[in-house]
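# A closer look at the structure
One letter stands for each residue in the lines below.
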Amino acid sequence: MIFQKILVAVDGEPISAHAADIGAELARLAGAEMAFIHVIDAALVNAADTGIQPDVFAASAKKDARNLIDDFRKRLPQQVTALDFVQIGAPLTEIVNAAKDWPADLIVIGSHGRSGMKRALLGSVAEGVMRHAPCPVLVVRAKN
């Protein structure tokens, strides 16, 4: 199978840089298109206790997301360019929807590898993406 469109989910965590590097190398080797997706959690945008109007918070979060993606874009090999998608919503849902709408042949996503109680409390976006994705998912774990 040759991947033609690779969607890489990124956030501000160090594991995202590792996932982005792997996604970029796969895109380079396959001559594939690549896109980054960053999802701003709607629960944070609409949180009443922030003291910030939701539209102001969303605008600021989108600006921060574009800066984050620009930082990832600077890491790309010369031959690789990337689209970007910045969405507000539930991360799992938005990543899966972007993979359907673009349409991606592969999703690359980082995972902290939490288990037990931490995983039960925090959930796993990577696991949810694997369960609902319309294409294969490569879950990247932290370097040991």
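Described below are features of the structure shown in this document.

## As for the nonpolar core
- Ranked by internal contacts, the top residues of the largest apolar core, which has 28 residues, are Ile6, Val8, Met34 and Phe36.
- Those elements that place two or more of their residues in this core are strand S1 (5-9), helix H1 (14-30), strand S2 (33-41), helix H3 (54-74), strand S3 (82-89) and strand S4 (106-111).
- Those residues in contact with Val8, other than ones at most four positions away along the chain, are Ala19, Ala20, Gly23, Met34, Ala35, Phe36, Ile37 and Val108.
- Core analysis: the second largest hydrophobic core is formed by 16 residues, Leu7, Ala104, Ile109 and Ala126 among them.

## Some points on the side chain of Ser16
- Structurally, the position occupied by Ser16 is in helix H1.
- With relative accessibility at 3%, the residue Ser16 sits in the buried group.
- Ignoring sequence-local partners within four residues, the contact set of Ser16 consists of Ala9, Val10, Asp11 and Phe72.

## Digging into the sheet that holds strand S5 (residues 137-141)
- One open sheet holds the 5 strands; their spatial order is S3-S2-S1-S4-S5, and the pairing between them is parallel. Edge positions in the sheet fall to S3 and S5, since each has one partner strand and no second. Taking the axes of each pair of neighbouring strands and ignoring which way they run, one obtains an average angle of 25° across the sheet.
- As judged from the 5 bridges shared by S1 and S2, these two strands associate in the parallel manner. Within S2, the residue paired with Ala9 across the bridge is Ile37.
- In the packing of H3 onto the sheet, contacts are made with S2 and S3, and the angle to S3 comes to roughly 150°.
- Helix H6 (residues 125-132) contacts S4 and S5 of the sheet and is inclined by roughly 160° relative to S4.

Cut-offs applied
- Residues numbered from 1 in each chain as written.
- Predicted model: local features only at pLDDT ≥ 70, side-chain atom pairs only at ≥ 80, totals over all residues.
- Heavy atoms only, no water.
- Core = buried A, V, L, I, M, F, W, Y, C linked by side-chain atoms within 4.5 Å.
- Buried < 20%, exposed > 50% of the residue type's maximum accessible area, 1.4 Å probe, protein only.
- Helix = DSSP H or I, 4+ residues; strand = E, 2+ residues; numbered from the N terminus.
- Contact = heavy atoms within 4.5 Å.
- Pairing = 2+ DSSP bridges.
- Axes fitted to C-alpha atoms, helices over the stretch in contact; angles between N-to-C directions.

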